[in-house]
Amino acid sequence: MNEFGVKKARANFDRLKAEAAKATDALRGGARVLVGTATCGRSAGAMAVLDAFRREIEDSGVEARVLQAGCIGHCYAEPLAIVSRPGEPSLVYHHLTVVTARTVAKKLFLEDDPCLEFLLGAVDQSEIFPTLADLPRFGREQRRLLRRCGLHDPGDIMQAIALGAYAGFVRAIEIGPGKVISAVRESGLRGLGGAGFPVWRKWDACARQSDHERYIVCNGDEGDPGAFMDRTILESDPHAIIEGMLTGALAIGARRGFAYVRAEYPLAVRTLSKAADDARKAGLLGNNVLGSGFSFELTIAQGAGAFVCGESSALMYSVEGKRGMPRVRPPQSAERGLFGKPTVLNNVKSLASIGPILEEGPERFASVGTAGSKGTAVFALAGKIVNAGLVEVPMGTTLRELIFDIGGGIPKGKRFRAAQIGGPSGGCIPESLLDTPVDFDALRAAGAMMGSGGLVVLDEDNCVVETARFFLEFTQAESCGKCTFCRIGTRHMLDILTRITTGNGRLEDLSLLDELGREITDGSLCGLGKTAPNPVVTTLRFFRDDYEAHIQEKRCPARTCRDLMSYYILPERCARGCDACVGSCPTEAIYTDEKRRIKVIDQALCVKCESCVLACPHQYDAVRRISPVRDVPPSAPKPQKKA
Amino acid sequence: MRREATIIIDGKEATAEDGSRLLWAILDAGIWIPNLCAIRGVEPPHGGCRLCWVEVEGPAVSKVEGPAVSKVEGPKKPVTSCTRPVKDGMVVRTRSEGVDRLVRAGFEMLLSTHRLDCRVCPGNRRCGLQDIARLRKIPLRGKRLDKIEPDFPLDESRPELGINPNHCILCGRCVHACHVEVKKGIIDYVSRGLRTHVGTFDGAPLNTQGCGDCVRCAQVCPVGAIYLRKRAAD
Ligand SMILES: Cc1cc2nc3c(=O)[nH]c(=O)nc-3n(C[C@H](O)[C@H](O)[C@H](O)COP(=O)(O)O)c2cc1C
Ligand code: SF4
Ligand code: FES
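Residues numbered from 1 in each chain as written. Chains lettered and ligands numbered in written order. Predicted model: local features only at pLDDT ≥ 70, side-chain atom pairs only at ≥ 80, totals over all residues. Heavy atoms only, no water.

Novice: Summarise the packing of aromatic side chains; cite the residues concerned and give the values.
Specialist: In this structure the tally under the stated criterion is 8 aromatic pairs over all chains. For the ring pair Phe485 of chain A and Trp53 of chain B, a centre distance of 6.3 Å and an interplane angle of 85° mean the geometry is edge-to-face. Of this pair, Phe485 of chain A sits in helix α20 (residues 484-501) while Trp53 of chain B sits in strand β3 (residues 53-57), each in a different chain. Just as Phe485 of chain A is buried, Trp53 of chain B falls in that class too. A connected cluster of aromatic rings, assembled from ring pairs, spans Tyr215, Phe258 and Phe339 of chain A. Across the ring face of Tyr265 of chain A, the terminal group of Arg231 of chain A is positioned such that the distance to the ring centre comes to 5.9 Å. One residue, Arg262 of chain A, lies across the ring of Tyr265 of chain A, its end atom 5.2 Å from the ring centre. (Phe/Tyr/Trp six-rings, centres within 6.5 Å; stacked < 30°, edge-to-face > 60°. Helix = DSSP H or I, 4+ residues; strand = E, 2+ residues; numbered from the N terminus. Buried < 20%, exposed > 50% of the residue type's maximum accessible area, 1.4 Å probe, protein only. Lys NZ or Arg CZ within 6 Å of the ring centre and 35° of its normal.)

Novice: Tell me about the domain arrangement of chain A, and please be specific about residues and values.
Specialist: Residue and element names in this part refer to chain A. Along its sequence, chain A is organised into domain 1 (25-127), domain 2 (161-365), domain 3 (376-462), domain 4 (465-552) and domain 5 (565-626). Taken together, the contact between domain 3 and domain 4 spans 15 residues of the former and 14 residues of the latter. Here domain 3 meets domain 4 over a buried area of about 1200 Å², counting both sides, of which 66% is carbon and sulfur. Summed over the shared surface of domain 3 and domain 4, the number is 1 salt bridge. (Domains from an automatic or database assignment. Contact = heavy atoms within 4.5 Å. Buried area = accessible area lost by both parts, 1.4 Å probe. Salt bridge = Lys/Arg side-chain N within 4 Å of Asp/Glu carboxyl O.)

Novice: Tell me about the site of ligand 2, residues and numbers included.
Specialist: Taken together, 13 residues lie around ligand 2, and Cys480, Lys482, Cys483, Cys486 and Cys526 of chain A are the ones closest in. Partitioning the shell around ligand 2 into residue classes produces 8 nonpolar, 4 polar and 1 charged. (Near = heavy atom within 4 Å. Nonpolar A, V, L, I, M, F, W, Y, C, P; charged D, E, K, R; others polar.)

Novice: Go over the interface of chain B and chain A with me, naming the residues and quoting the values.
Specialist: Between chain B and chain A, the contact holds 37 residues from the first and 47 residues from the second. Between chain B and chain A lies a buried interface of about 3300 Å² when both sides are counted; carbon and sulfur atoms form 60% of it. In this structure, the salt-bridge partner of Asp146 of chain B is Arg499 of chain A, at a minimum N-O distance of 2.8 Å. Our count for the contact surface shared by chain B and chain A stands at 15 residue pairs in polar contact (both at pLDDT 80 or more). Of all the secondary structure elements, the ones that give two or more residues to the side of chain B that touches chain A are α2 (97-112) and β9 (188-190) of chain B. The element best represented in the side of chain B that touches chain A is α2 of chain B, accounting for 7 residues. (Polar contact = N/O pair within 3.5 Å; in protein donor to acceptor, adjacent residues only side chain to side chain.)

Novice: Lay out helix α4 (residues 98-111) of chain A in plain terms, naming residues and giving numbers.
Specialist: All names here are of chain A. With 14 residues, α4 should cover 20 Å at 1.5 Å per step; its first-to-last C-alpha distance of 19 Å lies within 8% of that length. Within α4, burial applies to Thr100, Ala101, Val104, Ala105, Leu108 and Phe109. Within α4, the buried residues cover an arc of 135° as seen down the axis, which keeps them to one side. Projecting away from the buried face of α4 at angles above 90 degrees are the exposed residues Val99 and Glu111. Taken together, the buried residues of α4 touch β1 (31-36), α3 (46-60), β2 (64-69), β3 (81-84) and β4 (91-93). Immediately downstream of α4, the backbone of Asp112 shows phi near 55°, a positive value. (Expected span 1.5 Å × (residues − 1). Arc of directions from axis to C-beta.)

Novice: Which residues make up the nonpolar core, and what values do they have?
Specialist: Judged by nonpolar contacts, the single largest core of 103 residues is most densely connected at Tyr166, Trp203, Phe379, Leu402 and Leu455 of chain A. Here this core gets 9 residues from one element, more than from any other, and that element is helix α11 (residues 238-252) of chain A. In contact with Phe379 of chain A, not counting residues within four places along its chain, are Met229, Gly389, Leu390, Val391, Val393, Leu402, Ile421, Val438, Met450, Gly453 and Leu455 of chain A. Among the nonpolar cores identified, the runner-up in size contains 96 residues, and Met325, Cys480 and Leu540 of chain A together with Val103 of chain B belong to it. (Core = buried A, V, L, I, M, F, W, Y, C linked by side-chain atoms within 4.5 Å.)

Novice: Kindly report on the site of ligand 1, identifying the contributing residues and their values.
Specialist: Residues and elements named next belong to chain A. Among the 18 residues in the neighbourhood of ligand 1, the closest are listed as Gly193, Lys202, Glu222, Asn347 and Ser350. Residue Leu192 places a main-chain N or O atom 3.3 Å away from an oxygen atom belonging to ligand 1. Between an oxygen atom of ligand 1 and a side-chain N or O atom of Asn219, the distance comes to 2.9 Å. Coverage of ligand 1 by the protein chains reaches 88% of its 610 Å² of free accessible surface. Of all the elements in the fold, those that place two or more residues in the shell around ligand 1 are β9 (343-347) and α22 (527-531). Taken together, the residues of the shell around ligand 1 break down into 4 nonpolar, 10 polar and 4 charged. (Areas by Shrake-Rupley, 256 points an atom, 1.4 Å probe, with all protein chains shown as cover.)

Novice: Kindly report on the sheet that holds β3 of chain A, identifying the contributing residues and their values.
Specialist: Residue and element names in this part refer to chain A. What the 5 strands build is an open sheet, ordered β2-β1-β3-β4-β5; its pairing is mixed. Whereas interior strands pair on both sides, the edge strands pair on one side only; in this sheet they are β2 and β5 (119-122). Here the average twist between neighbouring strands, direction ignored, is 20°. Bridge count for β1 against β2 is 6 bridges, and the pairing is parallel. Pairing of Val33 across the sheet is with Val66, part of β2. Along the sheet, α3 makes contact with β1, β2 and β3, crossing β2 at roughly 170°. Its contacts with the sheet put α4 on β1, β2, β3 and β4, and the angle it makes with β4 is roughly 155°. (Pairing = 2+ DSSP bridges. Axes fitted to C-alpha atoms, helices over the stretch in contact; angles between N-to-C directions.)

Novice: An account of the side chain of Asp546 of chain A is requested, with residue identities and associated values reported.
Specialist: Checked against the element boundaries, Asp546 of chain A lands in helix α24 (residues 544-552). In this structure, Asp546 of chain A is in contact with Arg417, Val464, Val465 and Pro557 of chain A, ignoring residues within four places of it in sequence.

Novice: Outline the sheet that holds strand β7 (residues 256-261) of chain A, listing residues and values.
Specialist: Residue and element names in this part refer to chain A. Pairing in this open sheet of 4 strands is parallel, and the strands run β8-β7-β6-β9 from one edge to the other. One side of each edge strand has no neighbouring strand; the edge strands of this open sheet are β8 (297-302) and β9. Each strand axis lies, on average, 20° off the axis of its neighbour in the sheet, ignoring direction. Two elements, β7 and β8, share 6 bridges in a ladder whose sense is parallel. Counterpart to Gly257 in the pairing with β8 is Leu298. The strands touched by α11 are β6 (215-220), β7, β8 and β9; relative to β6, the strand with the most contacts, the crossing angle is about 150°.

What follows is the structure, encoded as structure tokens:
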């Protein structure tokens, strides 16, 4: 790349950008409907809603375009659509159905009725409508990584460019590799794939290698159960990732890159592949990018469906077509990575952060966050939380703000119990630590970790011991089997936890769990084994009473461990005469106490399937879970069948 | 370019090639430490058995703190010596409370899923596990962990050798021999978690897989998991 190439790239990009602006202005000039059709929207029925909009608009002869967009993060309110008319504020409608979508289309376009009953808010400030910024979560949110998500059609590269895509990369061409690495360094960006390693360090180490065949790899494996941040970005703003990879490739001197996306994300694979094709056609990928003289080819590789394949060395083996087994370090990937060549591997979110750092300058990025963790963090809120979905907050936001102010707290007035942060590698945080800020180091000090950003909220009806067991069962099954501590040690921990949740625990088990947890963390080869005990170790530290109740009293405080609880029909709530539960029971365990005319569960026959709880009419709500089992009050015996 | 490094192992001075893996320097200095998976000269090392622990003091290593990376005194935490590169001035201890704790824990874990029938095992008395038990005085039948009795089927479809995954400790030597030394790739790791074992693709009998008669796998197995059948018979 020489001065001539740099100038040429700038000129070519400016032309592209002007073209994009014209195209989107034309689009913006007319009325349009953007329906969120990422995986989250689709599973809520967005494709039917999209179709309903199309049909209604066609039927009523309105001039409006119906387009697909990604996810704007309000997954709890899906299906969502943003409707814009020239000269009017753009409006977001939520929880749409085929019927309400047709109603909105008809009333808004034909009768100028904004359908306030289905409105979530206006996108921009407005005098007339409530705006999204007025929703409590928006005051705290800061959208940088998700800046374009849900606001454009990821299948149209022109829309992405009009919204700023690739501007940072062109800036990178202008300042050159050395200054790109310095900018990333000044921004303070740390890897968002979990470990929080400074991004510039890896880039710098790779750029210094003597071998000139180098690779950049995007980690889109996202194997944590409950996490979907990376999927959303892949599906909603793929050009942000391509831009990050291009810029990284320029900085380290790579001519080839791989984006590794798990095969369970077919829409993400399709969207990213289409985006790469579009970028290639626009001259942004392939030989002589934008005429600059710099060339970069991107290949999309599909994951092998194993959690461990998210680990960097296992991922690279998997791309090479080998079994995804982590390897020892050194050498680091920056020295010998993919195909034995110097390689940089970054997470989807880390790469999507790169564009704005170069476009707006590293100071802007570093102005948000804490001393040690700069920028924003994206969380997938799930579990017992009112507003499940994706949120992006400045680093330093406390967990309490995240769960209660932004997530809307716990549904049905239940009590908060714990938050599992960082997926199966993370830890369980109790109420007393809710003021911990979102920050790589603070979370690690609390025994959890940022992980990839999954946050599962537990309420009083969730058993923390069972939760720990659940996550360990996952990691145990996903252990690659290579090393002793992870393969065998985690299985012993799992067996002990199973013993405890089924009422067969012994008090010595607790110290053994603690010992094993420490040994596995110290002894395992890779991050999977090293972090696998975290859910157990943290719950043991913060919720020891729960473990002891299971062991000593055979009592599950959340009353959910099946072997330690029973269903019981409260006589005073049971509606005499109502038979709803009787027919629901698959084992015919429910009979009538003829004297009191109430229903009784025969505990010997009950298989704890919960059918009667669901069958009992809401106004009676008579079935209770009771733990320990011995606390179930005696009932009248089952009448003998008459011959 | 070869550079000699001088290091201290258990108070004694030793020399080794700078950047070579520490385990070999220790063994070459005449000090035995447990190790089951390392193969001299093979890079990168397997590092799966997790038994070759030592403690290393200095020189400084990188530490990440916030956006900064600083050099700090090397950790006193045990490290696996087969994966640790030798550095000039390194001070190594092969025994300490921390080392013994991890060696014992790893050994107990291996034994907890190992079929313990030494008397009839073809590996009896030339077994890496028995050596460690004897030299480190760790009982073969530990009390701390429950036994998880393995129940893999044997493959004795070939007259020359047999595979009994119930004895296997997954050191990976046989897989390396078959893939890298004789370049056949007939046996490999199969399955995940505790079901991981060495076997053929889809569990097909060995004699249908084009296995020759090199018996390298049986020669490199440190326990009695892949064995010469003649030997088993006498
Ligand atoms: C078992 C295991 C699974 C992992 N899964 C992922 C994953 O799904 N996505 C990811 O980005 N990083 C994952 N990581 C972390 C990667 O090894 C690596 O640190 C990260 O992708 C580097 O990117 P970053 O520096 O941009 O964070 C995983 C690590 C381990 C040990
Ligand atoms: S820690 Fe677990 S996943 Fe990692 S190498 Fe060891 S066995 Fe494999
Ligand atoms: S010899 Fe070092 S891990 Fe096996």
